Amino acid sequence: MNWRRASIAGLFVIPVLGLFIYGLSHDPHDIPSPLPGKPAPTFALEVFAPGQPPLGRPIGDTVRLAELRGQVVVLNFWASWCLACRDEHVTLSEVARHYADKPVHFVGSLYQDTPNNGRQWIAEMGGQSYPSVQDPHTRTAIDYGLYGVPETFIIGPDGLIAHKITGPASARAVARIVDSLLASGTPGKGAP
Amino acid sequence: MNGLVGRAALLITLPFIILGIIAVPVAIKRGRRDWIAIAYGSVLANFLLVSAAAAAMIVALVTHDFSVSYVAQVGSRATPLFYTIISLWGALEGSILFWGWVLSLYAVAVVWFNRERPGNLVPYSAMVLLAVSLFFSILLIGPANPFHVVFPVPPDGPGPNPLLQNHILMGIHPPLLYLGYVGMSVPFAFAVGAVLSGEAESNDWIRLTRNWTVASWGFLSAAIIAGMWWSYDVLGWGGYWAWDPVENASFLPWLTATAFLHSAMVQERRSMLRVWNLNLVVGTFALTILGTFLTRSGIISSVHAFTTGTIGYYFLVFIGLVLLTAVAMVAGNSDRLATRGRLDSAASRETIFLLNNLFLTAFMLTVLVGTLFPLVAEAVRGVKVSVGGPFFNRMTLPMIAALLFLMGVGPALPWKVASRADLKEKLLPPLVGAGIMAVIAIVMGIRNFYGFLVFTFVGYSAAANLREYWIGARARRTAHGENWATAVVRLAASNRRRYGGYIAHFGVFFVALGITASSSLRSEREATLKPGDTMSVYGRTVRLKALWGREEKQRSVVGATMEVIDNGTVRATLEPRMNFYPTSQEPVPTPDVRSGVFGDLYLSLVAFRPDGSTATVKAIYEPLLYWIWFGGGVVVLGAIISGWPTTRRRSVVPVVIASSNPARDAA
Amino acid sequence: MSAAAAIIVGVAANVRSQTPTSTSARGVPGDSALEARTSAVASQLRCPVCQGLSIQDSPSELAQQMRSLVRDQLAAGRSPDEVRAYFISKYGEWILLAPAPHGFNLLAYALPVLAIVCGGLVIVVAVRRWTAGSTEAS
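Owing to the predicted nature of the structure, the values given are computational and were not obtained by experimental measurement.

## Section: the overall build of chain A
- On a plain count of helices and strands, chain A comes out with 5 helices and 7 strands.
- Helices and strands in chain A line up, N terminus first, as α-β-β-β-α-β-α-β-α-β-β-α.
- Computed over its C-alpha atoms, the radius of gyration of chain A comes to 22 Å, more than 25% above the 16 Å expected for a compact globule of 192 residues.
- Once the C-alpha set of chain A is aligned to its principal axes, its extents read approximately 85 × 40 × 30 Å.
- For chain A, long-range pairs separated by at least 24 residues make up 77% of all intrachain contacts whose partners lie at least 6 apart in sequence.

## Some remarks on the overall build of chain B
- Counting secondary structure elements, chain B contains 22 helices and 10 strands.
- Since a compact globule built from 667 residues should have a radius of gyration of about 26 Å, the 27 Å found for chain B is in line with a globular shape.
- The principal-axis extent of the C-alpha atoms belonging to chain B is close to 85 × 75 × 60 Å.
- The buried share of chain B, taken over its 667 residues, is 58%.
- Long-range pairs, those at least 24 residues apart, make up 72% of the contacts in chain B with a sequence separation of at least 6.

## So, the sheet that holds strand β1 (residues 523-529) of chain B
Residues and elements named next belong to chain B.
- Taken together, the 4 strands give an open sheet; going across it, the order is β1-β10-β9-β8, and neighbouring strands pair in antiparallel fashion. Every interior strand has two partners, whereas the edge strands, β1 and β8 (592-595), have only one. Across the sheet, the axes of successive neighbouring strands diverge by a mean angle of 15°, strand direction being ignored.
- In this structure, β1 lies alongside strand β10 (residues 615-623), joined through 7 bridges in antiparallel fashion. Each bridged residue has a counterpart across the sheet, and for Arg525 the counterpart in β10 is Ala619.

## So, the nonpolar core
- Core analysis: the biggest nonpolar cluster contains 289 residues, and Val24(B), Ala107(B), Ala126(B), Leu129(B) and Val458(B) have the highest contact counts within it.
- It is helix α9 (residues 204-235) of chain B that provides the largest number of residues to this core, a total of 18 residues.
- Shared between two domains, this core takes at least three residues from each, and those domains are domain 1 (24-98) and domain 2 (101-131) of chain C.
- Sequence-distant contacts of Ala107(B), defined by excluding residues within four places in its chain, comprise Val43(B), Asn46(B), Phe47(B), Ala126(B), Leu129(B), Leu130(B) and Ser133(B).
- Counting 23 residues, the second largest nonpolar core, distinct from the first, contains Ala527(B), Leu544(B), Val606(B) and Phe608(B).

## So, helix α3 (residues 115-124) of chain A
All names here are of chain A.
- Looking only at α3, the buried set comprises Gly118, Trp121 and Ile122. Taken end-on, α3 shows its buried residues confined to a sector of 100°, consistent with a single buried face. Exposed side chains of α3 directed beyond 90 degrees from the buried face belong to Asn116, Gln120, Ala123 and Glu124.
- Each element contacted by the buried residues of α3 is listed here: β1 (44-49), β4 (104-110) and β5 (132-134).
- Once α3 finishes, Gly126 follows within two positions and takes phi at roughly 85°, a positive value.

## Regarding the sheet that holds strand β2 (residues 62-64) of chain A
All names here are of chain A.
- The 7 strands lie next to each other as β2-β1-β5-β4-β3-β6-β7, forming an open sheet whose pairing is mixed. Single-partner strands in this sheet number two, and they are β2 and β7 (161-166). For this sheet the average axis-to-axis angle between neighbouring strands, irrespective of direction, equals 30°.
- As paired elements, strand β3 (residues 72-78) and β4 share 7 bridges and run parallel to each other. Across the sheet, residue Trp78 finds its bridge partner in β4, namely Leu110.
- Against the sheet, α3 engages β1, β4 and β5, with an angle of about 50° to β1.
- Docked against the sheet, helix α5 (residues 171-184) engages β3, β4, β6 (151-155) and β7, running at close to 155° with respect to β3.

## Here's the deal with the environment of Ala223(B)
All names here are of chain B.
- Among the secondary structure elements, Ala223 is positioned in helix α9.
- Note on Ala223: 23 C-beta atoms within 10 Å, which makes it buried.
- Spatially, the C-alpha atom of Ala223 lies 30 Å from that of Ile446, the residues being 223 residues apart in sequence.
- Ignoring sequence-local partners within four residues, the contact set of Ala223 consists of His173, Leu176, Leu177, Gly180 and Ser250.

## Focus: the interface of chain C and chain B
- Each side of the interface is counted separately: chain C has 49 residues, and chain B has 62 residues.
- The set of elements that each furnish at least two residues to the side of chain C that touches chain B consists of α1 (2-15) and α5 (106-131) of chain C.
- Top contributing element to the side of chain C that touches chain B by residue count: α5(C), with 11 residues.
- Per-class residue counts for the side of chain C that touches chain B are 26 nonpolar, 18 polar and 5 charged.

## Description of the interface of chain C and chain A
- Facing the 14 residues of chain C at the interface are 13 residues of chain A.
- Contributions of two or more residues to the side of chain C that touches chain A are made by α3 (61-75) and α4 (80-91) of chain C.
- The element contributing the most residues to the side of chain C that touches chain A is α3(C), with 6 residues.
- Looking at the side of chain C that touches chain A, its residues break down into 8 nonpolar, 4 polar and 2 charged.

## Thoughts on the pairing of strand β9 (residues 599-608) of chain B
All names here are of chain B.
- β9 sits mainly inside the fold: 9 of its 10 residues count as buried.
- Bridge analysis of β8 against β9 gives 4 bridges, and the strand direction is antiparallel. Looking at β9, one finds that Asp592 is bridged to Leu603.

## Here's the deal with the confidence of the model for chain A
- The predicted model of chain A averages 88 in pLDDT, with 96% of residues at 70 or higher.
- Contacts from residues 186-192 of chain A, a stretch scored under 50 in pLDDT, to residues over four places away or in other chains number 18 contacts.

## Section: the packing of helix α10 (residues 245-270) of chain B against helix α11 (residues 274-297) of chain B
All names here are of chain B.
- Packing of α10 against α11 leaves a shortest axis separation of 9 Å and a crossing angle of 165°. One way to sum up the angle between α10 and α11 is to call them roughly antiparallel. Handedness of the crossing formed by α10 with α11: left-handed.
- The class makeup of the residues in the contact of α10 with α11 is 14 nonpolar, 10 polar and 1 charged.

## Focus: helix α19 (residues 496-520) of chain B
- Between its first and last C-alpha atoms α19(B) spans 36 Å; for 25 residues at 1.5 Å apiece the expected length is 36 Å, and the two agree.
- Across the 25 residues of α19(B), 21 count as buried, placing the element largely inside the fold.

## Points about the pairing of strand β4 (residues 556-566) of chain B
Residues and elements named next belong to chain B.
- Relative to β4, strand β3 (residues 540-551) runs antiparallel, the two being bridged by 10 bridges. Bridge pairing links Arg550 to Val557 in β4.
- Hairpin geometry of β3 and β4 is characterised by an intervening segment of 4 residues between the two adjacent antiparallel strands.
- Taken together, the 4 bridges between β4 and strand β6 (residues 577-580) define a ladder with antiparallel strand orientation. When the bridges of β6 are listed, Val558 appears paired with Met578.

## Observations regarding the packing of helix α7 (residues 173-183) of chain B against α9(B)
Residue and element names in this part refer to chain B.
- It is the contact of α7 with α9, at a shortest axis distance of 7 Å, that shows an interaxial angle of 145°. Viewed along their axes, α7 and α9 form a crossing whose handedness is left-handed. Within the contact between the two elements, α7 uses His173, Leu176, Leu177, Leu179, Gly180, Tyr181 and Gly183 and α9 uses Ala215, Ser216, Phe219, Leu220, Ala222, Ala223, Ala226, Gly227 and Trp230.
- Among the residues making up the contact of α7 with α9, the classes are represented as 11 nonpolar, 5 polar and no charged.

## Regarding the environment of Phe16(B)
Residues and elements named next belong to chain B.
- With respect to the secondary-structure elements, Phe16 resides in helix α1 (residues 2-30).
- You can call Phe16 buried: it has 22 C-beta atoms within 10 Å.
- The sequence separation of Phe16 and Asn46 amounts to 30 residues, and the corresponding C-alpha distance is 6.9 Å.
- Contacts of Phe16, omitting those with residues within four sequence positions, involve Ser42, Ala45 and Asn46.

## Some points on the environment of Leu372(B)
Residues and elements named next belong to chain B.
- Relative to the helices and strands, Leu372 is located in helix α13 (residues 349-381).
- By C-beta crowding, Leu372 is classed as buried, having 22 other C-beta atoms within 10 Å.
- Spatially, the C-alpha atoms of Leu372 and Val214 are 28 Å apart, while their sequence positions differ by 158 residues.

## Quick word on the confidence of the model for chain B
- Chain-level pLDDT for chain B is 89 on average; 95% of the residues reach the 70-or-more range.
- Here the complex is predicted with pTM 0.89, and the ipTM for its interfaces comes to 0.84.

Parameters and conventions
- Going along each chain's sequence as written, the residues are numbered from 1 onward.
- Naming scheme: in the order in which they are written, chains are lettered from A and ligands are numbered from 1.
- Residues qualify for local features only when their pLDDT is at least 70, as the model is predicted, and side-chain atom pairs are given and counted only at 80 or more; totals for whole chains, interfaces and linings, by contrast, use all residues.
- Secondary structure is summarised from DSSP: a helix means a run of H or I of at least four residues, a strand means a run of E of at least two, and numbering begins at the N terminus for each.
- The atom set for the radius of gyration is the C-alpha atoms, and the globule formula is 2.2 Å times the number of residues raised to the power 0.38.
- What counts as a contact here is a pair of residues whose C-beta atoms, placed from the backbone, lie within 7 Å.
- Exposure in this text rests on C-beta crowding, where 20 or more other C-beta atoms within 10 Å of a residue's own make it buried, 12 or fewer make it exposed, and counts in between make it partly exposed. The C-beta atoms are placed from the backbone.
- Here, a strand pair is defined by DSSP locating no fewer than two bridges between the strands.
- Every axis in this analysis is a line fitted to C-alpha atoms, fitted for helices over the stretch in contact. Angles between the N-to-C directions lie between 0 and 180 degrees.
- To define a nonpolar core, we join buried Ala, Val, Leu, Ile, Met, Phe, Trp, Tyr and Cys residues through C-beta atoms within 7 Å and take the resulting set.
- Residue ranges for the domains trace back to a domain assignment, done automatically or taken from a database.
- When we speak of the arc, we mean the arc of directions from the helix axis to the C-beta atoms.
- Throughout this entry, Asp, Glu, Lys and Arg are counted as charged residues, while Ala, Val, Leu, Ile, Met, Phe, Trp, Tyr, Cys and Pro are counted as nonpolar. The remaining residues, Gly among them, count as polar.
- A residue's pLDDT is the confidence the predictor assigns to it, expressed on a 0 to 100 scale.
- An angle below 35 degrees is read as roughly parallel, one above 145 as roughly antiparallel, one from 65 to 115 as roughly perpendicular, and any other as oblique.
- Throughout, a crossing is termed right-handed when the near helix is turned clockwise from the far one, and left-handed when it is turned anticlockwise from it by less than a right angle.
- To estimate how far a helix should reach, multiply one less than its number of residues by 1.5 Å.

As structure tokens, this is what we get:
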């Protein structure tokens, strides 16, 4: 038994094991998005669920990102078939109302679903305080690099994506980011 | 009660295993041959106890005993009996229990069939198998314990993963896979046993190892084909192989085992490649452990991935131990075992086998690198990348083509030396086959380079293999006056290894043609139809007759009744469906397929209007697709013929053992 | 031979376009050259919600939408590279099914080739050594 050769060969095993240890501490499903920090992709989408006053917009109205420049925009992608979206629904509506008098705009975007289903779901969930738009052919969701729902993008007044939240959004997380954007950015007086 | 029996059995087996592992080296060192029986007794005890645990689990599943954690996880009163039983291997803990059981079964078989073999190879091999069993037993009382007590006992459970309830192959693919995968522990045990007992210098252990490897290889081949078939029938995209990490994990040991089956023959005849063969056998086993580590640790995301948790760390420790001891063992003995033989000529079957090993090993390394590269790239660059089909196809196609060609040259060339006349007489005639297949490929419409190459090489190699049969049968006819059929059968029986191997080659040829034609000539159409509408793909027309829905005990089903029309008459009815399970938000599609000798018509229900007015159907036509499953069957047939035990086996043993070191083996 | 003829006829029929009664983006348009280019690009893009399938192969809704986006972009005159770059800018390098052959990724492409070359050399050297001194039959 040639122990010298055995030991040298054994050394080659170490980096392999190191790689596996590295792998065990990382989640292969967690894929970072390249979008935060970049300009938010523009969209012009039609409202299908009006929301409630004072945040509401009429059905058929078009929400254009360009018009919201200067405000903080919270863009939330959801679907009626999405179980996890139920967790954040009430939270988002409440947070939206909290910022009603600030230059913050909440928009829901329907993902891979029909407006009828969406309206029905909102009714079942007790209403939504802000309007939701439909996204034909999922173009806008693809523009935002969506892997699934729910995903929430918080866009600063400068038009750059400040943060992306994957999974149900918590009130604390959203509030923290929105507050810091309001404090640092120069909020303009864009028409809601 | 079931939980108690199961857990107790798994706990009690541990001291038996440990006793057995200790008994072997102690017995050999002290020269107490009778203590070996203690180790063999442990092997039997382990098998009986793990069988008891497995039986307890099956009883618990069938009686819906939700006080057992595994049953609470995968059981459901609504699930049909067949799927309830096979959910034994549907989730992590049950699959580990099944693995442990198959391993204990192999250990008993190894000991039983070799109980009269002199020397220390079998005792040491039993020790190795017990050591592997120890690892899985530790898992079963630790992180993979399926017998946790659930209290309060729930009235019902969620049932198995919906994807696993759709097809009968779910009852066939996993057992075959485990028999193949776990079976690779046996050659590994023999290899370690051979080194420890001093038999590695003789060639007898190679013959023994090779026989067991053929069996495991046969199971693994069948398992891979069955997995592809399941994927094709269930997943709805008309494909059968996505280079998913766990598909690759099952394929990697198959590649090295195939290489070993060939290079073992070189060792048997010429006493060469001994270190290389050790590497292959050890590598095959290491790859099986790596494969199961990848599936169960969660480090790579995959369709097959079981739940993650601490079990990954256990596997990491085990794989570390396996790699370190195996690598050290082979490297440490490499100078002693290095080839001292000679080759008579570079133009010989030996050289072809070397090339065969080269391409199979390169193939294995390519798939391994591709599978692990996302992890490596993330570690080095911090960026996530994907390595999928396009990479693997591009990099492996040249190797596959080379291997297909070699499969025709190897059988044709003689051992030792081929004269120039030999080369001409053996290598030129199969070119006719190549020509014929080239023409067929063009006529069929194959226009891509590798598709054409595969057809041509298969033509060449199939002709070469056929010719070997023809030459052998012709000789028998002349010598014995047999008719063709008898001559062929007797020929195969006279040299099962060789002619069984040629049949396995034919199986591979069918698979290669099936894969090539179904991907090169695949034709796809998607359309939204009202009842009465038709659509066509590749000249085949289908008509939507009706869209229907029905409730079943465990799911709701929506289906489309489609008629295949030919010249106005209905040739067949297909019913692609979507299955809605309460536990899953995505429906599970079940396509329906009409298979024919020339191709498959594959229908998948993609979408439908809830009012039943329209259905969106995807129709795919894949030429020669059934040849893949047929070829798989032929491969398995070849393995059975090749590996069928001959009565000569036992008499070989004592003669060769006498030549190894008697002092070391003194019992 | 008639089976082969039937196959040829089938292939020819394949090229004729099919107009389905579809109103959604799922309909198959008549331009087979555009379809071929779409397939080529779509085969290289990974479906974000599946396991390892391309958006060409995947039956999922999102894959269909992405494919139709690829088709529209190609029809609008973008090059395959530009389409790929668009998706990379949205999803990261992960969206490519084969790693872009630049920089570190080249290692994945080089290793198999190196394995064959080095292995081949080893075999050549070994066979030479093992046949040295034997009568080469020629």
